[in-house]
Amino acid sequence: LAPLGDIQWNGEPREIALEHLKEHVTRAVDLKAKFIGMGDYIDFLSPSGRRKVAQADHYDNALKAFDHTALRLNEELVSEVLQPTIGQWLGMLEGHHFATLKAGMTSDMELCKQLETRFLGTSCIIKLNFYPRAGQITSFQLWAHHGKGSGKAARPIQILEGVSGRWDDIDLFLIGHMT
């Protein structure tokens, strides 16, 4: 299992740990790992930025430019890093940094299409079944969430407390954003 998120690609390779990211992807692909997207793939707009854009009275050409830029960032991220992962995803969560496209989709949803995987929303439970021997099944459940709030150390634990009623059923918890 290879969680992958918080890349925040903005088109500038110097602004992310690009070589480390490529090493992680190569290692996971070589191991035939399944990827799970943890959100924040491109660094387009934060929630407050999306609110401001939505409130502004933009002409259609400006909205098309926003869409074009966000989709170009997706394409760059796939061609630069994620191309080898196509078809190896369990799914992808939504993060905070994405574009809401004029057609109503988001850049995260469009990235899912490019990587041939499903969009998982903001949190999910995934059940994995393994068949170690003929006639035998082992199940494994994971809970994944992009994360939210400030980067304070206790925040991931507070989020987990909110889903603690499911702890008996969950084998692995994944949170991105600040971890």
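The sections below set out a description of the structure shown in this document. (Residues numbered from 1 in each chain as written. Predicted model: local features only at pLDDT ≥ 70, side-chain atom pairs only at ≥ 80, totals over all residues. Heavy atoms only, no water.)

**What about the packing of helix H3 (residues 60-82) against helix H4 (residues 107-114)?**
It is the contact of H3 with H4, at a shortest axis distance of 10 Å, that shows an interaxial angle of 35°. The interaxial crossing formed by H3 with H4 has right-handed handedness. In this structure, H3 uses Ala70, Leu71, Asn74, Glu75, Leu77 and Val78 to contact H4, whose residues at the interface are Ser107, Glu110, Leu111 and Gln114. (Axes fitted to C-alpha atoms, helices over the stretch in contact; angles between N-to-C directions. Helix = DSSP H or I, 4+ residues; strand = E, 2+ residues; numbered from the N terminus. Left-handed = near helix turned anticlockwise from the far one by under 90°. Contact = heavy atoms within 4.5 Å.)

**With respect to the packing of helix H1 (residues 18-30) against H3**
Between H1 and H3, the shortest axis-to-axis distance is 10 Å and the interhelical angle comes to 65°. With respect to each other, H1 and H3 are oriented roughly perpendicular. On the side of H1, the interface is formed by Leu18, Leu21, Lys22 and Val25, while H3 contributes Glu80, Val81 and Leu82. Residues that form the contact of H1 with H3 fall into these classes: five nonpolar, no polar and two charged. (Parallel < 35°, antiparallel > 145°, perpendicular 65-115°, else oblique. Nonpolar A, V, L, I, M, F, W, Y, C, P; charged D, E, K, R; others polar.)

**Looking at the sheet that holds strand E6 (residues 172-175)**
Hydrogen bonding along the main chain pairs the strands of a sheet, whether they run parallel or antiparallel. One open sheet holds the three strands; their spatial order is E4-E5-E6, and the pairing between them is mixed. Every other strand in the sheet has two partners, leaving strand E4 (123-130) and E6 as the edge strands with one partner each. In this sheet, adjacent strand axes meet at a mean angle of 20° when their direction is disregarded. Where strand E5 (residues 138-145) meets E6, four bridges bridge the pair, whose relative direction is parallel. Within the sheet, the bridge partner assigned to Leu142 lies in E6 and is Leu172. (Pairing = 2+ DSSP bridges.)

**Brief notes about the environment of Pro13**
Examined against the element boundaries, Pro13 turns out to sit in the loop between strand E1 (2-4) and H1. When its relative accessible area of 37% is taken as the criterion, Pro13 is described as partly exposed. Residues Pro13 and Leu77, 64 residues apart in the sequence, show an inter-C-alpha distance of 10.0 Å. (Buried < 20%, exposed > 50% of the residue type's maximum accessible area, 1.4 Å probe, protein only.)

**A word on the state of the cysteines**
One pass over the full model with this rule turns up zero disulfides. There is no disulfide at Cys112, and the cysteine sulfur nearest it, in Cys124, is 11 Å away. (Disulfide = S-S within 2.5 Å.)

**Comments concerning the sheet that holds E1**
Spatial strand order, E1-E2-E3: three strands in an open sheet with parallel pairing. A single partner strand is all that each edge strand has here, and the edge strands are E1 and strand E3 (89-92). Neighbour-to-neighbour, the strand axes of the sheet open up by a mean angle of 15°, direction not taken into account. Bridge count for E1 against strand E2 (residues 35-37) is three bridges, and the pairing is parallel. Note that in E2 the partner of Leu4 across the bridge is Gly37. Sheet strands in contact with H1 are E1 and E2, and its direction is about 150° off that of E1.

These results come straight from atomic positions and should not be treated as a statement about function.
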